[in-house]
Amino acid sequence: MDEHTPLSRADVAADLDGTGFRHDGERLIAEFRTADFAAAVRLLDAVAAEADAMNHHPDVRLGWGRIEFDLLSHDVGGVTARDVALARRIGEIAARQGATLG
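Residues numbered from 1 in each chain as written. Predicted model: local features only at pLDDT ≥ 70, side-chain atom pairs only at ≥ 80, totals over all residues. Heavy atoms only, no water.

Each pair of aromatic rings is reported with the distance of its centres and the angle of its planes. The final tally for this structure, using the stated rule, is two aromatic pairs. Ring centres 6.3 Å apart and planes at 65° place the aromatic pair Phe21 and Phe32 in the edge-to-face group. Linking Phe21 in the loop between helix H1 (9-16) and strand E1 (22-23) with Phe32 in strand E2 (residues 28-33), this pair joins segments that are eleven residues apart in sequence. The pair Phe21 / Phe32 is uniform in exposure class, with both members buried. Counting every residue linked through ring pairs, the aromatic cluster contains Phe21, Phe32 and Phe69. (Phe/Tyr/Trp six-rings, centres within 6.5 Å; stacked < 30°, edge-to-face > 60°. Helix = DSSP H or I, 4+ residues; strand = E, 2+ residues; numbered from the N terminus. Buried < 20%, exposed > 50% of the residue type's maximum accessible area, 1.4 Å probe, protein only.)

Put into structure tokens, the structure is as follows:
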């Protein structure tokens, strides 16, 4: 699949299993819980490094013991394979750091 082709919920459902992300019709969204604010920042730091390496960056909301990620390919106005790939990596990083689904 072309990385610039918008994907529907049905297109990405299987690929999002186990990531914590859901397709809300416009974007991919996930919330993770962490032990405290510092753990949420460490998760963000690890995701930032991965996002830079992929040259694809999430919108993020950070709070005490929680972090939310929104993924959207702004250039196509929807979810693409780039978002799915980053969602999978974020899910892996979150699991490795002990974050739980919010």
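Back to the write-up after that little detour.
Okay, the side chain of His56 next. Topologically, His56 is positioned in the loop between helix H2 (37-54) and strand E3 (59-63). When neighbours within four sequence positions are excluded, His56 is seen to be in contact with Ala51, Leu72, Ser73, Arg82, Asp83 and Leu86. (Contact = heavy atoms within 4.5 Å.)

Bridge count for E3 against strand E4 (residues 66-71) is five bridges, and the pairing is antiparallel. Paired with Arg61 across the bridge in E4 is Glu68. Linking E3 to E4, which pair antiparallel, is a turn of two residues; within it Gly65 sits at a positive phi near 70°. (Pairing = 2+ DSSP bridges.)

Counting 20 residues, the largest nonpolar core has Phe21, Leu28, Phe32, Leu43 and Ile90 as the members making the most contacts within it. Going through the elements one at a time, H1, E2, H2, E4 and helix H3 (81-96) are the ones with two or more residues in this core. Discounting residues that sit within four places of it in the chain, Leu28 has contacts with Val12, Leu16, Phe21, Arg22, His23, Phe69, Asp70, Leu71, Val79, Asp83, Val84 and Ala87. (Core = buried A, V, L, I, M, F, W, Y, C linked by side-chain atoms within 4.5 Å.)

Let's shift gears to H3. Residues spaced three or four apart along an α-helix point in a common direction, a consequence of the helix completing one turn every 3.6 residues. For H3, built from 16 residues, the straight-helix expectation of 22 Å at 1.5 Å per residue is met to within 8% by its first-to-last C-alpha distance of 23 Å. Inspection of H3 places Arg82, Asp83, Val84, Leu86, Ala87, Ile90, Gly91, Ile93 and Ala94 among the buried residues, and these make up the whole buried set. Residues of H3 that are buried sit in contact with H1, E2, H2 and E4. The first or second residue beyond H3 is Gly98, which carries a positive phi of 85°. (Expected span 1.5 Å × (residues − 1).)

Turning our attention to the pattern of salt bridges. Tallied over the entire structure, the rule returns seven salt bridges. The residue Glu68 makes a salt bridge to Arg61 at a minimum N-O spacing of 2.9 Å. Taking the shortest distance from any N to any O, the salt bridge between Arg89 and Glu92 comes out at 2.3 Å. In this pair, Arg89 and Glu92 are both assigned in helix H3, three residues apart and thus about one turn of the helix distant. Judged by its relative accessible area of 40%, Glu92 falls in the partly exposed class. Look at the salt bridges and you will find they share partners, linking Arg61, Arg66, Glu68 and Asp70 into a network. (Salt bridge = Lys/Arg side-chain N within 4 Å of Asp/Glu carboxyl O.)

In short, geometric facts, not functional conclusions.
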